[in-house]
Amino acid sequence: SGKVLFFTEEGERFNDLEITRQSTPCEIVWHPYLSVVFVCWEDGAISHWSENSTSAKEEKSIHGCKIRGITISPDGTRMVTGDDHGVVGVWSISRGLNPICQFQKEGAITNLAFCALANEHGEVPSFDQMNQYFFFAGSSGSVYLADDMKRCSEMCKVGGKVRSLLYYREENSVVIITSSLLLVQFRVSPNEKLTPTRKVKMTIAGNPDQLYSIWGGPGLLVTVSGENMIRLWNLEQDKNYFLTLADADTTGKLLGDKVNCIAYHEKKRILAGGTEEGRVVMWKSKYLLTGEAPSSSEGWEPQLPITLSSSKISQISWASGESILSAASHNSLSILTEAMLKKRIKDNSVVLQVSNNTVEVRRLNKLDSPMQVHTGIRIKGLDVTSSHLVVWSGKRVECHSLPDSGSGESTGSFEKQSFMIAAHRESVIVGSETGVEVCNHKGVVKQTLSISESEGEITGIDVFGDNMVVTTESSIRLYDLSRREYKLKGMPRKFEDKQGQALGIIRGGCINSEGTKVALLVDQAPKPSLVFPDTFMYVYDTEIDNFLSYDFGPTQIPIDASWDLEDPRLLVVETEGLSIGEEDENPEEQFKEAVCMFVTSEYGMLKQDNKRLEDSNVGVIGVSVPYLFFVGREVGKDNLSGIGKVVKTSLRDFTGLEDCDESTKKAILNFSFHLTNGNMDEAYKSVKVIQSLRVWENMCHMSVKTKRMDVAEVCLGNMRFARGAKAVREAKSEKELDSQLAMVAIQLNMLNEAKDLYAESERPDLLNKMLQASGQWEEAVQVSETQDRISLKSTYYNLARHYESVKDFSNAIENYELAGAHQEEVPRMLHANNKLTDLERYISNKKDPLLYKWWAQYMESKGDFTNATKFYELAEDFGSCVRVHIAQGNFQGAAAICQEKSTKLGCLRLAKYLEEQGEVRDAIQLYTRAETYHHAVRLAKEHKLDADLMSLALRSTNTKLMLQTALYFENKHLLDRAVVLYHKGKNVKKAMDLCFQSNNYDYLRSLVDDLGEEEDPDTLLRAAEYFLNQNMYEKAVSLLVSAKQYSRALELSLSYNVKVDDNLVEKMIPQSSDPQSKELLRRICKLCKRQGSFQLACKLYTKLGEKLKGFKCLLRLGDVERIKQFANTAKNSQIYVLAANFMQNSDWHNNPELMKTIIFFYTKAKAWESLATFFDTCASLEIDEYRDYEKAVYAEKEALKYQAKSTSPNRDQNFQSLQRKLELMELFVSARKMATSDPQEMQRICMQLLETRDSETAIRIGDLYALLVEFYYSYQDLKSALHYVNAMKQRRIYLNAYLDMEMVKNIHRGMGVQFEQDDEDDLE
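Residues numbered from 1 in each chain as written. Predicted model: local features only at pLDDT ≥ 70, side-chain atom pairs only at ≥ 80, totals over all residues. Heavy atoms only, no water.

Visitor: Account for the overall build of the chain, naming residues and giving values.
Guide: Along its length, the chain carries 44 helices and 59 strands. Classification of the 1324 residues of the chain by burial places 51% in the buried group. Sequence-distant contacts, at least 24 apart, represent 43% of the contacts inside the chain between residues at least 6 apart. A total accessible area of about 65,100 Å² is found for the chain, and carbon and sulfur atoms account for 46% of it. (Helix = DSSP H or I, 4+ residues; strand = E, 2+ residues; numbered from the N terminus. Buried < 20%, exposed > 50% of the residue type's maximum accessible area, 1.4 Å probe, protein only. Contact = heavy atoms within 4.5 Å. Areas by Shrake-Rupley, 256 points an atom, 1.4 Å probe, with all protein chains shown as cover.)

Visitor: Requested: an account of the confidence of the model for the chain, with residues and values cited.
Guide: Across the chain, pLDDT averages 83, with 88% of residues at or above 70. Every residue in residues 581–587 scores below 50 in pLDDT, and together they form 16 contacts with partners more than four places removed in sequence or on other chains. (pLDDT = per-residue confidence, 0-100.)

Visitor: Quick one: what's the story with helix α41 (residues 1261–1274), residue by residue and with numbers?
Guide: Here α41 is 14 residues long and its end C-alpha atoms lie 20 Å apart, about the 20 Å a rise of 1.5 Å per residue gives. Of all the 14 residues making up α41, 11 are buried; the element is thus mostly covered by neighbouring parts of the structure. Of all the residues in α41, the buried ones are Ile-1261, Gly-1262, Asp-1263, Leu-1264, Tyr-1265, Ala-1266, Leu-1267, Leu-1268, Val-1269, Phe-1271 and Tyr-1272. Phi for Gln-1276, located one or two positions after α41, is positive at around 60°. (Expected span 1.5 Å × (residues − 1).)

Visitor: For empty space enclosed by the protein, give the residues involved together with the corresponding values.
Guide: Rolled over the atoms, a probe sized like a water molecule indicates the empty space that remains. The final tally for this structure, using the stated rule, is 3 cavities of 30 Å³ or more. Approximately 60 Å³ is the volume found for the largest cavity. Considering the residues around the largest cavity, the lining is formed by Leu-570, Cys-596, Phe-598, Gln-608, Leu-651, Arg-652, Asp-653, Phe-654, Leu-669 and Ser-672. For the lining of the largest cavity, the secondary-structure elements that each account for two or more residues are β55 (592–600) and α2 (662–676). (1 Å grid on protein atoms, 1.4 Å probe; cavity = no way out; pocket = protein on both sides within 12 Å on 5 of 7 lines; lining within 4 Å. Points joined across faces, edges and corners; volume = space filled by probe spheres on them.)

Visitor: Give a description of the packing of aromatic side chains that names residues and reports values.
Guide: Counted according to the given criterion, the structure contains 32 aromatic pairs. Within the aromatic cluster, the residues linked to one another by ring pairs are Phe-103, Phe-114, Phe-134, Phe-136 and Tyr-144. In this structure, Lys-1205 is placed above the aromatic ring of Trp-1168, and the distance from its NZ or CZ to the ring centre is 4.7 Å. (Phe/Tyr/Trp six-rings, centres within 6.5 Å; stacked < 30°, edge-to-face > 60°. Lys NZ or Arg CZ within 6 Å of the ring centre and 35° of its normal.)

Visitor: Go over the pattern of salt bridges with me, naming the residues and quoting the values.
Guide: Two side chains of opposite charge can pair, provided their charged atoms sit close to one another. Per the counting criterion, the structure on display carries 49 salt bridges. A salt bridge links Lys-343 to Asp-560; the shortest N-O distance between them is 3.4 Å. A residue pair is termed long-range when its members are at least 10 positions apart, and Lys-343 in strand β31 (residues 343–346) and Asp-560 in strand β53 (residues 556–563) qualify at 217 residues. Take Asp-560: its relative accessible area is 26%, and that puts it in the partly exposed class. Note that Lys-1197 is salt-bridged to Glu-1226, the shortest N-O span being 3.9 Å. Of the two residues, Lys-1197 is situated in helix α38 (residues 1189–1205) and Glu-1226 in helix α39 (residues 1211–1237); the sequence distance between them amounts to 29 residues. Each of the salt bridges in this network shares a partner with another, and the network as a whole consists of Lys-343, Asp-560, Glu-574 and Lys-592. (Salt bridge = Lys/Arg side-chain N within 4 Å of Asp/Glu carboxyl O.)

Visitor: Lay out the pairing of strand β23 (residues 259–265) with the relevant residues and their values.
Guide: A large share of β23 lies buried, amounting to 7 of its 7 residues. As paired strands, β23 and strand β24 (residues 270–275) are joined by 6 bridges and run antiparallel to one another. Bridging from a neighbouring strand, His-265 pairs with Ile-270 of β24. Counting the residues between successive antiparallel strands, the hairpin from β23 to β24 contains 4 residues, one of them, Arg-269, with a positive phi of roughly 60°. (Pairing = 2+ DSSP bridges.)

Visitor: Describe the nonpolar core, and please don't skip the residues or the numbers.
Guide: The nonpolar side chains of a soluble globular protein tend to be buried with one another. Met-1242, Ile-1259, Leu-1264, Tyr-1265, Val-1269, Leu-1299 and Ile-1307 are the most contacted members of the largest nonpolar core, which totals 77 residues. Not counting the four nearest positions on each side in its chain, Val-1269 is found in contact with Ala-1281, Tyr-1284, Val-1285, Leu-1299, Met-1303 and Ile-1307. By size, the runner-up hydrophobic cluster in this structure holds 63 residues, among which are Tyr-872, Phe-878, Leu-914 and Val-937. (Core = buried A, V, L, I, M, F, W, Y, C linked by side-chain atoms within 4.5 Å.)

Visitor: Explain the pairing of strand β22 (residues 239–244) residue by residue, including any values.
Guide: Alignment of strand β21 (residues 229–234) against β22, held across 6 bridges, turns out to be antiparallel. Of the residues in β22, the one forming a bridge with Leu-232 is Tyr-241. If you look at the hairpin formed by β21 and β22, you'll find 4 residues sitting between the two strands, and Asp-238 has a positive phi there, around 55°.

Visitor: Requested: an account of the sheet that holds strand β37 (residues 396–401), with residues and values cited.
Guide: Strands sit in the order β35-β36-β37-β38 across an open sheet of 4 strands; the sheet is antiparallel. Strands with a single pairing partner mark the edges of an open sheet, and in this sheet they are β35 (381–384) and β38 (410–415). When strand polarity is set aside, the average angle formed by the axes of neighbouring strands in this sheet is 15°. (Axes fitted to C-alpha atoms, helices over the stretch in contact; angles between N-to-C directions.)

Visitor: Describe in detail a nonpolar patch on the surface, supporting the description with residues and values.
Guide: A surface patch of nonpolar side chains, about 270 Å² in accessible area, is lined by Leu-5, Phe-7 and Leu-333. Inspection of the secondary structure puts Phe-7 in strand β1 (residues 2–7). (Patch = residues over 30% accessible without salt bridge, like charges linked within 9 Å, V, L, I, M, F, W, Y side chains within 5 Å.)

Quick look at the structure:
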């Protein structure tokens, strides 16, 4: 026999409720939204039970064997089952369990899925549309589509068994996975057809027989097969990835474990898996707001694994509504519920729930000595007073004493159905449906505080000292608890603004130590079905009877809040991050924060600091100055969450001052408050009374760590540290705050902090300087090499100077070389330290020309000319060699070096020596070799060597020298030479003047090529007149244009037909728009047309506004694309017509785009007559070229349509002509169609057309005869066929244009008529 037992979420069994039968249950499924369960048995029976019935009912009308598959439609109206014998049952479950129809197929039916047919617009079907059609498949490999109307059809057949069958609603398709690991996706069409869209061979390392697949979000397929990972396929983005057990546990305990089963919670976006070793592992999606399916493992956040038993977990499932997870093994069933472990800081105690039924209590002054309290309930909430702990489960309340030492004892317990409970002294305050009850520890009600139903349900009760706040969904109530009878303070305050607009739904609140402010956590509900947490934090201020608010931004929501135990202004808020969506495949990092705020009536809510919760901290407990308290994970803690310790962290402004006295603590807190609201005067007054230099120094250290530059300046002043204050003032010129703070850190000898600050500010240059100044040379070099390359050489140089100062010359030389300064610094260093032997050895080894030169100069200074000459030669400083030889009187040696080495400096020095000796020609030659032409020219002038002077001046590239030499020749009346040098020296005007003066017209012709617009106009005109007289019109026109004599240049060009290039034309185009300029522009256009520069002419006509003339020039150019572009831009009717007319001359019938353009231009111009003619031409072309009378008829109809729109005088006549042609064409087309259906009518029409006089205007007569010949030939009436062939010959119609030659020969042969040569000529 088999049993089905029922349990509560607490794991308590319903003793009076079970389903028992003489069979084994094989499938159990709950209704999607009703408390109805369906149980399938191995004998084919189905039991169903609802909470309103006393016993289960059975249905056995369809199945007679083990049921293998069951599914319910999303709207909960239909259910489908399949069994081992291939029977599929369709049930109505709206009221009970009623069979609708059934199907019988081959093989076991193991997979079923409801679906919807695609609509016309391709929209995603809604869930209420997915209740009629469904897929089913199983061991046979056939996939069927059926409905509840007894219709069923096989859609496809796959190889092997069907392991998984899932409906992909977003793409309206079905996904199938076979036993051979083939994944196939089909799209469902409106006509009940499947279209394949994907076919992929899956790769897994597990057991294919254990393959199990589910949806893990929209389009995200999740599979397990007994591996140590879960595989995911994002079908929408066509990406696959996996989640490994190692991600969920970094200790390595799960490396050998394997995942057997999986389940996905759609609302919570949590993927859970059961493992071989009895664990439950979970991953939470980071896209809670959008619900997007993660495309990589980065989109999932692993949760801590939970160990349930040592047995294999075989099945795991989520409850449909609540966050309840069940995990079943062969010998046990575990129920897991999601619960936030409770925490509280109050009355000098920190309370932390560490397991389902255990709480740890710590006194603030004894945090390392926790007191464990074990309860007899599953804790859903807790509160604490100075002497008692109160815990509750929602059904029961327990009270425990908290002695100063030892373990606490139970002081009472009682039954209460409530989750809203608080503790005050010896009382327990319990929220109920009608109000608030004040009970003692035994549950006896001492007082009842009524609350109106209109205020909504109670959402929170919080007690602080003798003040209490009770929040409902829409109101706030404050109570005074200082007396025996609790008393309401004022009237209930509705949660709305001054205008009466509701601000949201209150989900909880907490009150401060003075009872003047209440922090509120709020939800927003745009509509009843959509409730989400608000990103705003609200505080009700009783002093101003209004609500303050603070927005944490779009991706952070407040989840908890707590006031400081003493200061009524200080509030800490715990926020949680939410991802808005996936961007560039990199999900936004989510994190929790502890945000410290000051809340006052005057300044509102001010953010003072925020601390990001690291992985080791999972939540905020509260704040008690000078500490923040966090819930910390304890590695290796043997409980479900890993939570087991309280972590305290100093508040930002109390770092290093945790042990200060109460007055200092208060002063620092006020200082922090005034700094937060920007009131520096009050901030300074707050700490003015502090006299201890140690406190100021600690505050200064704290200001560096908390990055408060303003605080640091105040502290440095009070420390009386003048040098440090000066350095900080100078550092404020830096833009980055971290750079400024780094200087403060340096003054405080906080070098490590300074390094970190410079690194964070991305200022490696300043970091490098600091490291050098502090003697950390190795690290300084490393920073320079990796981050501050621009300072690398200077760092090496400074390091070399450091080594030099400590007499470490070898390291100094190495770093001077790395700095690139060894050529100057190494000789200086070794010489200064009298290391001449080492220096000579170094120079000889390095073989550096500059070092050789340094040593040569040193030898020369010592009078050792032999060695000096040797090292000058090694340094290839031959100029210095020549100088030494000359100084020694060795003229031959100096000359030999100049001859062999071609040293310019040596030649110059030797030339000067020879000039002094009176050897003029040798000196000029050496000056020339040294390329010091000014010396050579000077010497030639002085000694009147005019023959050499001209060549020397021309060889020089110095224009000034050329002009000086030209003036010299001009003064000596050697004008030919002067002209050349003036020309080369770029004084063209002077050269031209001398040409005219000396009648040197031959050189003038070559000279004018270098004339430009910058030349004197008179000079240009003078040259133009000369060339005009010489009939050299092209040069004259060019010069006139340069002289800006455009009219005359044009007149000359037109008169003598001078070809003017486009560059000259561009220069002549006037920039103004006066009448004279326009007339000049027209003459330029005329010139361009005459010269064939049609594109330029078009451009100029367009500039004049005469687009039509410009377009006509463009037509002569013949560029179709430019014509089309111009016409589209001009938007002129005449231009449209001209463009279309031109395009008709091109190959438009083989270019559809061109044909469309012609039609478009005629249409834009409303040239209906032309358009009609064009379509008539199209019709004729279709007949002549392709014998396509159907297309011709269409074209002729278009011609007739546009002819009707024409306004020309011949419209009616042309219309009638086109209409007659259309009638004849249609008549012939109908005759061709009747060749098989009505031959007699076809013959009659053809004879009628042959007898019609004007038929040739629309139809080729040859086509009529060909139709008759082909018709009679097909019916083997060769006599009639021959008759019409002869008729074609008589009318001199070329047969080969209309008839097949073989057919004609066969006709003659069949009639016994000789096919004569003349006939063959006709066919050719």
